[in-house]
Amino acid sequence: MEEISDPVVIGIIGAPHGVRGTIRVRATGSGSHLREGVEPLVGEKRRRIEKSRPTPKGYLIDLDGVASRPEASKLRGMEMVLDRKELDTPEEDEYYVADLIDLEAVDSTGEVLGTVMSAFQTPAHEVLVVRDQHGDASTETYVPFTMEHVPEVDLQSRRIVVRLPEE
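Quantities reported herein were computed from a predicted structural model and do not represent experimental measurements. Residue indices begin from 1 for each chain and proceed along its sequence in written order. Where local features are concerned, this predicted model is filtered to residues with pLDDT of at least 70; where side-chain atom pairs are given and counted, the filter is 80 or more; whole-chain, interface and lining totals use all residues. Computation of side-chain values: all heavy atoms of the structure, hydrogens and water removed.

1. Comments concerning the overall build of the protein chain
Reasoning step 1: If you tally the helices and strands in the protein chain, you get one helix and 13 strands.
Reasoning step 2: Starting at the N terminus and walking to the C terminus, you meet the elements of the protein chain as β-β-β-β-β-β-α-β-β-β-β-β-β-β.
Reasoning step 3: A principal-axis box enclosing the C-alpha atoms of the protein chain has dimensions of 55 × 30 × 30 Å.
Reasoning step 4: Only protein chains enter the accessibility calculation, which uses a 1.4 Å probe; a residue is then buried when its area is under 20% of its type maximum, exposed when over 50%, and partly exposed in between. Burial statistics for the protein chain: of 167 residues in total, 36% are counted as buried.
Reasoning step 5: In this charge count, Lys and Arg are treated as positive and Asp and Glu as negative; neither His nor the chain ends contribute. One atom stands in for each charge, and that atom is NZ of Lys, CZ of Arg, CG of Asp or CD of Glu. In the protein chain, 20 positive and 32 negative side-chain charges are present, and the distance between their average locations comes to 12 Å. The numbering of helices and of strands both runs from the N terminus, where a helix is a DSSP run of H or I of at least 4 residues and a strand a run of E of at least 2.

In structure tokens:
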């Protein structure tokens, strides 16, 4: 198996689509890396993306070496992974969601709200899950990852400034 020193999941494989081996993929970020020519690690093997089509519910992707529905079914639930060094350099004020996990979340006065534990995609944008510093799952706060709600990200200081949405 190929070793990836700094893995970043770019997509999660879903159900097959059709009979020719096309798979549905849910992007874990913008989906910009789910494009033709990219060769993510799928399971224990690099697989070249031969064709990629965005849809309202994710991407339809044809992978090299996957030519039938049964072959595509075997990949269901697998992650598509690239090494961080293979990723496009983010533009200014752009971040990979994986880089936000474990950052401290503070409000505009500097009061600690908790830690970014995870994130999930909605049709509108990514949402960060912030858990209080005691790690109590019952006190999770969902913060839209937008400039309005997260006006400042400081990766070097490992913290973000959060403006909580109005109730």
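2. Side note on the sheet that holds strand E7 (residues 79-83)
Reasoning step 1: Two strands are counted as paired when DSSP detects at least two bridges linking them. Spatially, seven strands are ordered E4-E3-E7-E1-E2-E6-E5 in an open sheet, and the strand pairing comes out antiparallel. Every interior strand has two partners, whereas the edge strands, strand E4 (45-46) and strand E5 (49-55), have only one.
Reasoning step 2: Pairing analysis gives six bridges linking E5 to strand E6 (residues 58-63), with the strands arranged antiparallel. Residue Thr55 lies in a different strand from E6, and its bridge partner there is Gly58.

3. Digging into the packing of aromatic side chains
Reasoning step 1: Only centres within 6.5 Å qualify two rings of Phe, Tyr or Trp (six-membered ring in Trp) as a pair; their planes then separate them into stacked at under 30 degrees, edge-to-face at over 60, and tilted for everything else. One pass over the structure, following the stated rule, counts one aromatic pair.
Reasoning step 2: Seen from their ring centres, Phe120 and Tyr142 are 5.8 Å apart, and the 70° between their planes marks the pair as edge-to-face. In this pair, Phe120 sits in strand E9 (residues 112-121) while Tyr142 sits in strand E11 (residues 140-144), placing the two residues 22 residues apart along the sequence.
Reasoning step 3: Since its relative accessible area comes to 35%, Phe120 is described here as partly exposed.
Reasoning step 4: Owing to a relative accessible area of 45%, Tyr142 belongs among the partly exposed residues under this scheme.

4. Comments concerning the nonpolar core
Reasoning step 1: By convention a nonpolar core is built from buried Ala, Val, Leu, Ile, Met, Phe, Trp, Tyr and Cys residues, the set being connected through side-chain atoms within 4.5 Å. Formed by 20 residues in total, the largest nonpolar core has its most connected members in Val25, Leu34, Ile61, Leu63 and Met80.
Reasoning step 2: Within the residue set of this core, elements represented by two or more residues are strand E1 (7-17), strand E2 (22-27), E6 and E7.
Reasoning step 3: In this analysis, two residues are considered to be in contact whenever any of their non-hydrogen atoms come within 4.5 Å of each other. Setting aside chain neighbours within four positions, we find Ile61 in contact with Gly21, Thr22, Ile23, Val25, Leu34, Ile49, Lys51 and Ser52.
Reasoning step 4: In terms of nonpolar packing, the next biggest core, distinct from the first, is built from eleven residues, Val116, Val130, Val150 and Ile160 among them.

5. Quick look at the environment of Asp154
Reasoning step 1: Relative to the helices and strands, Asp154 resides in strand E12 (residues 152-154).
Reasoning step 2: The exposure class assigned to Asp154 is partly exposed, which follows from its relative accessible area of 25%.
Reasoning step 3: Measuring from C-alpha to C-alpha, the distance between Asp154 and Leu100 comes to 9.5 Å, with 54 residues separating the pair along the chain.
Reasoning step 4: Within 3.5 Å is the distance limit for a polar contact, defined as a pair of N or O atoms, with the added protein rule that one can donate a hydrogen and the other accept it, and that residues adjacent in sequence qualify only through two side-chain atoms. In this structure the side chain of Asp154 is engaged in a polar contact, spanning 3.2 Å, whose partner is the backbone nitrogen of Gln156.

6. Examining the sheet that holds strand E13 (residues 159-161)
Reasoning step 1: Reading across from one edge, E11-E10-E9-E8-E13-E12 is the order of the six strands in this open sheet, with mixed pairing throughout. The open sheet terminates on both sides in strands that have one partner only, identified here as E11 and E12. Taken pair by pair, the neighbouring strands of this sheet meet at an average axis angle of 35°, ignoring direction. Lines fitted to C-alpha atoms define the axes here, with helix axes fitted over just the stretch in contact, and angles between the N-to-C directions of these axes take values from 0 to 180 degrees.

7. Focus: the environment of Asp107
Reasoning step 1: Topologically, Asp107 is positioned in the loop between strand E8 (104-106) and E9.
Reasoning step 2: Here the alpha-carbon distance between Asp107 and Leu164, two residues 57 residues apart in the chain, equals 8.0 Å.
Reasoning step 3: Ignoring sequence-local partners within four residues, the contact set of Asp107 consists of Leu113, Val161 and Val162.

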